[in-house]
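Observations on the three-dimensional arrangement
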Amino acid sequence: MAAVSDRLPAFPWDKLEPYKATAAAHADGIVDLSVGTPVDPVPQLIRHALIEAADSPGYPTVWGTVALRDAITGWVRGRLGASAAEHRNVLPVVGSKELVAWLPTQLGLGAGDKVAYPRLAYPTYEVGARLCGAEAVVYDDPTELDPAGVKLLWLNSPSNPTGKVLAKEDLVRIVAWAREHGILLFSDECYLELGWEAEPVSVLHDDVCGGSYEGIVAVHSLSKRSNLAGYRAAFVAGDADVLGELLEIRKHGGMMTPAPVQAATVAALGDDTHVEEQRERYAARRAALRTALEAHGFRVEHSEASLYLWVTRDEPCWDTVAHLAGLGILVAPGDFYGEAGARFVRVAFTATDERVEAAVKRLG
């Protein structure tokens, strides 16, 4: 067991504990803007669907119910512009982080293979490579990589942590390059419905992939758009051959989305009203925090989408973390996401309105 855990980096969030203690000592309590976990209520129609499906004594299937596959394919066609999507092009997963972490292993990658991901990125891409013994490589532009040995290419638009959005023409170029070199492309699009100053586009959009999903898969989650982080509701869509292989592996591994969560997912994907209401909450919090941070001397870079502001005071990120902790505000240091983030911090705007207001006052 130690041999596997020894492959992994130290769990980054443990390093924040002393700063969390400092922030928690503030007279008015901590404002935690670090992790980015949803705090608003689960919409009533989703809770109702979960409760209605609570009497589920039998085993669920890995591929999900027909109703779930209908809901996912309908959403993929309508929201992502993937007009050719069918049931064979979708697969529910038990939260997107599980999928990201174990995907290279499930694809049969190992020593001698390379997994590529952005220079500033969600740490679990690297974890996935390490778990299977593959080599993790970072890029600024994936088409500038040496394609030799690259078996899996991760895109992330909108980006976590920077909020950067890849333009449609860049996606077209990257998809063509990956196909030319026989590289499987997975696009993490979990923040796609949270564009503020740009309109994110999926790699599955007809204009990007030409209506063919060969060699490409998109990853989507309901954690952010529907406040379902606690439900572990997510899915992948794209290349039917890749998803068929994953389905067979996941059947043997028992990686089943619980039946009540499947029913809740159907309800969530069938309703746009709660998504727009949540967007409005986040938009107001984002505007308030951005104004306060800029007035406090921060510079905001990218941040055109997602649930985060990527900011700097042109100093080491841990100095910024300490400064804000002294104000009772906890943020994530940029080096959690790669060495290129060493002078930035990531500020989530997922706290309650009351806590955001408290942060704004402290920054003022």
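Preceding block: the structure.
Brief notes about the overall build of the protein
- Regarding its fold elements, the protein presents 13 helices and 13 strands.
- Relative to its length of 364 residues, the protein is compact, with a C-alpha radius of gyration of 20 Å against a globular reference of 21 Å.
- Principal axes of the C-alpha set define a box for the protein whose edges measure 55 × 50 × 45 Å.
- For the protein, buried positions account for 54% of its 364 residues.
- If you take every contact in the protein between residues at least 6 apart in sequence, the share linking residues at least 24 apart comes to 75%.
- When the accessible surface of the protein is split by element, carbon and sulfur atoms take 53% of a total near 15,000 Å².
- Here the protein holds 34 positive side-chain charges and 49 negative ones, and the gap between their average locations is 3 Å.

A word on the sheet that holds strand S5 (residues 150–156)
- Overall, mixed pairing links the 7 strands, which are arranged S2-S8-S7-S6-S5-S3-S4 in an open sheet. Edge strands, defined here as strands with exactly one partner in the open sheet, are strand S2 (90–93) and strand S4 (135–139). Direction aside, the axes of adjacent strands within the sheet are offset by 20 degrees on average.
- As paired elements, S2 and strand S8 (residues 234–238) share 4 bridges and run antiparallel to each other. Paired with proline 92 across the two strands is phenylalanine 235, which belongs to S8.

Some details on the nonpolar core
- Of all hydrophobic cores here, the largest spans 66 residues; its most connected members are Leu33, Trp154 and Phe186.
- Core analysis: the second largest hydrophobic core is formed by 45 residues, Ile72, Leu171, Ile216 and Leu222 among them.

A few points about helix H9 (residues 240–253)
- For H9, spanning 14 residues, the distance from its first C-alpha to its last is 20 Å, which sits close to the expected 20 Å at 1.5 Å a residue.
- Among the residues of H9, those classed as buried are Ala240, Val242, Leu243, Leu246, Leu247 and Arg250. Taken end-on, H9 shows its buried residues confined to a sector of 145 degrees, consistent with a single buried face. Opposite its buried face, H9 presents the exposed residues Asp241 and His252, each directed more than 90 degrees away.
- Here the buried face of H9 lies against S2, helix H5 (96–106), strand S6 (184–188), strand S7 (216–221) and S8.
- Residue aspartate 239 occupies the N-cap position of H9, its side-chain oxygen lying 2.8 Å from the main-chain nitrogen of aspartate 241.
- Positioned one or two residues after H9, glycine 254 has a phi angle of 65 degrees, which is positive.

A look at the sheet that holds strand S9 (residues 299–301)
- Reading across the sheet, the 4 strands line up as S9-S10-S13-S12 and stay open at both edges, with antiparallel pairing between neighbours. Only two strands of the sheet have a single partner each, and these edge strands are S9 and strand S12 (332–333).
- Sheet topology note: the S12/strand S13 (residues 345–348) ladder contains 2 bridges and is antiparallel. Of the residues in S13, the one forming a bridge with proline 333 is valine 345.
- Of the strands in this sheet, S9, strand S10 (308–312) and S13 are in contact with helix H11 (residues 273–295), which crosses S10 at around 5 degrees.

Looking at the packing of aromatic side chains
- In total, this model carries 14 aromatic pairs according to the counting rule given.
- Plain terms: the ring middles of tyrosine 19 and tryptophan 318 are 5.2 Å apart, the flat faces sit at 40 degrees to each other, and that makes the pair tilted. With a gap of 299 residues between them, tyrosine 19 in helix H2 (residues 17–24) and tryptophan 318 in helix H12 (residues 317–326) connect regions that are remote in the sequence.
- Its relative accessible area of 17% is what places tryptophan 318 among the buried residues.
- Between tryptophan 75 and phenylalanine 235 the ring centres are 5.7 Å apart and the planes differ by 80 degrees, which places this aromatic pair in the edge-to-face class. With a gap of 160 residues between them, tryptophan 75 in helix H4 (residues 66–80) and phenylalanine 235 in strand S8 connect regions that are remote in the sequence.

Criteria and thresholds
Residues numbered from 1 in each chain as written. Predicted model: local features only at pLDDT ≥ 70, side-chain atom pairs only at ≥ 80, totals over all residues. Heavy atoms only, no water. Helix = DSSP H or I, 4+ residues; strand = E, 2+ residues; numbered from the N terminus. Rg over C-alpha atoms; globule rule 2.2 N^0.38 Å. Buried < 20%, exposed > 50% of the residue type's maximum accessible area, 1.4 Å probe, protein only. Contact = heavy atoms within 4.5 Å. Areas by Shrake-Rupley, 256 points an atom, 1.4 Å probe, with all protein chains shown as cover. Lys, Arg positive; Asp, Glu negative; His and termini not counted. Charge placed at Lys NZ, Arg CZ, Asp CG, Glu CD. Pairing = 2+ DSSP bridges. Axes fitted to C-alpha atoms, helices over the stretch in contact; angles between N-to-C directions. Core = buried A, V, L, I, M, F, W, Y, C linked by side-chain atoms within 4.5 Å. Expected span 1.5 Å × (residues − 1). Arc of directions from axis to C-beta. Polar contact = N/O pair within 3.5 Å; in protein donor to acceptor, adjacent residues only side chain to side chain. Phe/Tyr/Trp six-rings, centres within 6.5 Å; stacked < 30°, edge-to-face > 60°.

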